[in-house]
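So the chains spell out like this:
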Amino acid sequence: MNAPPIISLKRATLKYGSRTLWQDLNLEVLPGEFLAVLGANGSGKTSFLKILLGQAPLSAGQVMLDGAPAGRGSRTIGYVPQQKGFPADTALRARDLVGLGVDGHKWGIRLRGKAYRQRVDELLEQVGAASYGKIPVGMLSGGEQQRLRIAQAIASRPKVLLCDEPLLSLDLNHQKEVSALVGRQAKGNGTAVVFVTHEINPILDHVDRVLYLAGGRFMLGTPSEVMRTEVLSELYGTRVEVLEMDGRLVVVGTPDAVFDGHAGEVAA
Ligand SMILES: Nc1ncnc2c1ncn2[C@@H]1O[C@H](COP(=O)(O)OP(=O)(O)OP(=O)(O)O)[C@@H](O)[C@H]1O
């Protein structure tokens, strides 16, 4: 029997004033599924996460997480917000940053002592950060810091992990490592992942489906269904090319123009 969806959007529409970011989005994300959200600057990727977090209301339609309206079950969600590196003089140790994700649950009773330390050790191990647990986060590389943010986000064993551009400013190797870490969280732990990114290539091996946002429209499907010249040309309403070069996908010719409308799910 299939597990019920952990994220469900029905005829979801988001507008700011007269501007439509998307409309009539029907989407169900299953436990363990990895959904990439792609699109140009300003296409509404972060807004999509805010809707799932319950931090912004839909203009129309419905969004449910784990059977409850978004925003009413925050312990179900782990969130890696979009951010730059910590300032070099940040004194907080790596393990204390991760510990912030462990603390504060259990209805306000702080889980301290041995159980707390063990859980932090386990999380540091899980993200490959055990060797730098005692180092101040400001002294760590961007990739190391990002691993810690993910450890913090998964500390409460969330059913849904939302990541907003977690690969920004990482070099290629770190991009791959962080992608693999999030991929393991989906496939190994059954966490549904929603991963906002500009760049699909580092996560291509891990992605099940892509939600591609552009100019008030969207396309939803597997990477091979969506990342095609004819599909993205239809979405953008102008000719764009999807080229495959050395196993990488490159989208060429995307316009900046904003327009309203509705696309839909790519037929399998
Ligand atoms: N509360 C709001 N009120 C009005 N407009 C908003 C609001 N929040 C976001 N917007 C606008 O909606 C658009 C989408 O913003 P959003 O941050 O979701 O885009 P994005 O795809 O994440 O962009 P980027 O890749 O640059 O981070 C932007 O033009 C933004 O200015």
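Residues numbered from 1 in each chain as written. Predicted model: local features only at pLDDT ≥ 70, side-chain atom pairs only at ≥ 80, totals over all residues.

Caption draft 1: How the structure looks around the overall build of the protein. When helices and strands are counted, the protein shows 7 helices and 13 strands. Scored against the burial criterion, the 268 residues of the protein give a buried share of 38%. A separation of at least 24 residues holds for 65% of the contacts in the protein among residues at least 6 apart in sequence. (Helix = DSSP H or I, 4+ residues; strand = E, 2+ residues; numbered from the N terminus. Buried ≥ 20, exposed ≤ 12 C-beta atoms within 10 Å, placed from the backbone. Contact = placed C-beta atoms within 7 Å.)

Caption draft 2: Spatial organisation of the nonpolar core. Ranked by internal contacts, the top residues of the largest apolar core, which has 69 residues, are Val37, Leu52, Ala151, Val193, Phe195 and Tyr212. In contact with Tyr212, not counting residues within four places along its chain, are Leu38, Gly39, Phe218, Met219, Val226 and Leu235. (Core = buried A, V, L, I, M, F, W, Y, C linked by C-beta atoms within 7 Å.)

Caption draft 3: Broad picture of helix H7 (residues 229-236). Residues Leu232, Leu235 and Tyr236 constitute the buried set of H7. An end-on view of H7 places all buried positions within 90° of arc, on one side of the element. Backbone geometry just after H7 places Gly237 at a positive phi near 75°. (Arc of directions from axis to C-beta.)

Caption draft 4: Here's a closer look at the packing of helix H4 (residues 142-154) against helix H5 (residues 172-189). The N-to-C vectors of H4 and H5 enclose an angle of 15°; their axes lie 9 Å apart at closest approach. With respect to H5, the element H4 is oriented roughly parallel. Between H4 and H5 lies a crossing of right-handed hand. On H5, the residues that touch Gly142, Gly143, Gln146, Arg147, Ile150 and Ile154 of H4 are His174, Glu177, Val178, Leu181, Val182 and Gln185. (Axes fitted to C-alpha atoms, helices over the stretch in contact; angles between N-to-C directions. Parallel < 35°, antiparallel > 145°, perpendicular 65-115°, else oblique. Left-handed = near helix turned anticlockwise from the far one by under 90°.)

Caption draft 5: Region of interest: the sheet that holds strand S1 (residues 7-16). In spatial order, the strands read S2-S1-S4-S5; together these 4 strands make up an open sheet with antiparallel pairing. Of all strands in the sheet, those with a lone pairing partner are strand S2 (19-29) and strand S5 (68-69), marking the two edges. Pairing of strand S4 (residues 60-65) with S5 involves 2 bridges; the strand directions are antiparallel. Paired with Met64 across the strands is Pro69, a residue of S5. (Pairing = 2+ DSSP bridges.)

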